[in-house]
Amino acid sequence: MPRIDARAISHAVRHAAVFGALDSMRPGFAMDLVAPHDPKPLLAQAQERYEGPVTVEYLVSGPQEWVLRLTRTA
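Note that the structure is predicted; figures quoted are calculated from it, not measured.

Engineer: Sorry if this is basic, but what is going on with the sheet that holds strand β2 (residues 30–35) here?
Structural biologist: Sheet strands pair by backbone hydrogen bonding; their relative direction is either parallel or antiparallel. Taken together, four strands build an open sheet; the order of strands is β1-β2-β4-β3 and the sheet is mixed. Taken across any chain shown, the strands that pair with only one partner, and hence form the sheet edges, are β1 (3–5) and β3 (54–61). Across the sheet, the mean angle separating the axes of adjacent strands is 20 degrees when strand polarity is ignored. Examined bridge by bridge, β2 and strand β4 (residues 66–72) share six bridges and lie antiparallel to one another. Bridge pairing links L33 to L68 in β4.

Engineer: Mind showing me how you'd approach the pattern of salt bridges here?
Structural biologist: Here the idea is simple: oppositely charged side chains can pair when their charged atoms come close. Inspection of the entire model under this criterion finds four salt bridges. When the shortest N-O distance is used, the salt bridge between E65 and R7 registers 3.0 Å. One end of the pair, E65, is in the loop between β3 and β4; the other, R7, is in the loop between β1 and α1 (14–24), with 58 residues separating them in the sequence. Take E65: its relative accessible area is 23%, and that puts it in the partly exposed class. We note a salt bridge from R49 to D23, for which the minimum N-O separation is 2.7 Å. Of this pair, R49 sits in helix α2 (residues 40–50) while D23 sits in helix α1; the two residues are 26 residues apart in sequence, bridging distant segments of the chain. By relative accessible area, which is 41% here, D23 ends up partly exposed.

The rules behind these values
- Residues numbered from 1 in each chain as written.
- Predicted model: local features only at pLDDT ≥ 70, side-chain atom pairs only at ≥ 80, totals over all residues.
- Heavy atoms only, no water.
- Pairing = 2+ DSSP bridges.
- Helix = DSSP H or I, 4+ residues; strand = E, 2+ residues; numbered from the N terminus.
- Axes fitted to C-alpha atoms, helices over the stretch in contact; angles between N-to-C directions.
- Salt bridge = Lys/Arg side-chain N within 4 Å of Asp/Glu carboxyl O.
- Buried < 20%, exposed > 50% of the residue type's maximum accessible area, 1.4 Å probe, protein only.

Now the structure itself:
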């Protein structure tokens, strides 16, 4: 399972890096995202960008880190 640790990516390009990874995934594939906080702004942008074909499963919900599984569904 690919894993992106957003904590290691500059805040200025963090969302673009995650979207680049999602753009490269075919439907049915997933990746894990590690974040220093609940990435609600990123998830809202993904919902707008992909119009719903990304499912989100919280694997860890803080308090030190959040780990989410993002799956391209369409």
